[in-house]
Amino acid sequence: MEHDLHHTLALLTRTPAALNALLRDLPEAWTLQNEGENSWSAFDIVGHLIHCERTDWMPRARMVLKFGETQAFEPFDREGHVPETQGKTLVQLLDEFARVRSENLDELRALNLRPADLERRGRHPALGVVTLSHLLATWAAHDLTHLHQISRVMAHQYRQAVGPWGAYLGVLQCAGHSSP
């Protein structure tokens, strides 16, 4: 499927509600546990998504539209969410994510992007030249990656409890390709 901005917006709009439905009011045993060293919990992932909303998607879209390829994006800090989540609850993070995502999507819609705008090019510090369309499609795929990751991390908590059925549960066989 080629990138379609309306499809992207449809998915990005639903992610906060999907996270809210899955995570709100769950026991911390589900939301604060990870898969082991150098892995994230559902709490960490929501914090990461908030950090992306603030420092990645729309800031980079604005850079593409303003500077094109002449100015590279700021490198992304994959652990930048850690100080932002200190002292907060998952409920606070879910509410914050819903708010910043809504603000970003309002801003994106207000740009009234045309097909020519989506082909405008920017410069990623590691990947080189990318288009605005690439960036926006990646935003949607990034959401799906982390929804998958949350499912995998949560299922990991029951890897022993499921006993022999674990052999039939693909989420428990996943090798962590979407790890942070």
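Here is what the cut-offs are and how they apply
- Residues numbered from 1 in each chain as written.
- Predicted model: local features only at pLDDT ≥ 70, side-chain atom pairs only at ≥ 80, totals over all residues.
- Heavy atoms only, no water.
- Helix = DSSP H or I, 4+ residues; strand = E, 2+ residues; numbered from the N terminus.
- Rg over C-alpha atoms; globule rule 2.2 N^0.38 Å.
- Buried < 20%, exposed > 50% of the residue type's maximum accessible area, 1.4 Å probe, protein only.
- Phe/Tyr/Trp six-rings, centres within 6.5 Å; stacked < 30°, edge-to-face > 60°.
- Salt bridge = Lys/Arg side-chain N within 4 Å of Asp/Glu carboxyl O.
- Pairing = 2+ DSSP bridges.
- Contact = heavy atoms within 4.5 Å.
- Polar contact = N/O pair within 3.5 Å; in protein donor to acceptor, adjacent residues only side chain to side chain.

Turning next to the overall build of the protein chain. Looking only at helices and strands, the protein chain features nine helices and two strands. Moving toward the C terminus, one meets the helices and strands of the protein chain in the order α-α-α-α-α-α-α-β-β-α-α. Computed over its C-alpha atoms, the radius of gyration of the protein chain comes to 18 Å, within 12% of the 16 Å expected for a compact globule of 180 residues. Judged by the C-alpha coordinates and their principal axes, the protein chain covers about 55 × 35 × 30 Å. Split into buried and exposed, the 180 residues of the protein chain put 41% on the buried side.

This structure, assessed with the given rule, holds two aromatic pairs. Judged by centre distance (5.9 Å) and plane angle (10°), the rings of Trp-57 and Trp-139 are stacked. Here Trp-57, found in helix H4 (residues 57–67), pairs with Trp-139, found in helix H8 (residues 132–156); they are 82 residues apart in sequence, far enough to count as distant. On the basis of relative accessible area, Trp-57 is assigned to the buried category, the value being 4%. A residue is classified by how much of its surface remains accessible, and Trp-139, at 0% relative accessible area, is buried.

Once that is clear, we can look at the pattern of salt bridges. Using the criterion set out here, one finds 14 salt bridges in the structure. Note that Arg-24 and Asp-95 form a salt bridge whose closest N and O atoms lie 2.4 Å from each other. Taken together, the residues Arg-24 in the loop between helix H1 (5–23) and helix H2 (28–31) and Asp-95 in helix H6 (residues 90–110) connect sequence positions 71 residues apart. Judged by its relative accessible area of 41%, Asp-95 falls in the partly exposed class. Where Asp-117 meets Arg-114, a salt bridge forms, and the shortest distance between an N and an O atom there is 3.6 Å. Residue classification places Asp-117 among the buried positions, given a relative accessible area of 9%. What emerges from the salt-bridge pattern is a single network uniting Arg-54, Glu-84, Lys-88 and Glu-96.

In the sheet, strand S1 (residues 121–124) pairs with strand S2 (residues 128–131) via four bridges, with the strands oriented antiparallel. Note on S2: the bridge partner recorded for Arg-121 is Thr-131. A loop of three residues connects S1 with S2, the two strands running antiparallel in sequence.

Mapped onto the fold, Gln-157 is located in the loop between H8 and helix H9 (170–173). Considering only alpha carbons, one finds Gln-157 and Arg-109, 48 residues apart in sequence, at a separation of 39 Å. When residues no more than four places from it in sequence are discounted, the contact partners of Gln-157 are Ala-29, Trp-30, Gln-33 and Asn-34. A distance of 2.9 Å separates a polar side-chain atom of Gln-157 from the backbone oxygen of Val-153.

This part takes up unusual backbone geometry. With the exception of glycine, the majority of residues adopt a negative phi angle, and the majority of peptide bonds are in the trans configuration. One non-glycine residue with positive phi stands out, namely Asp-25, at about 70°. Within the element layout of this structure, Asp-25 appears in the loop between H1 and H2. Accessibility expressed as a relative area gives 68% for Asp-25, which makes it exposed. One non-glycine residue with positive phi stands out, namely Asn-38, at about 60°. For Asn-38, the position within the fold is in the loop between H2 and helix H3 (42–55). Residue Asn-38 is classed as exposed on the basis of its relative accessible area, which comes to 69%.

The values reported here are purely geometric and, on their own, carry no functional implication.
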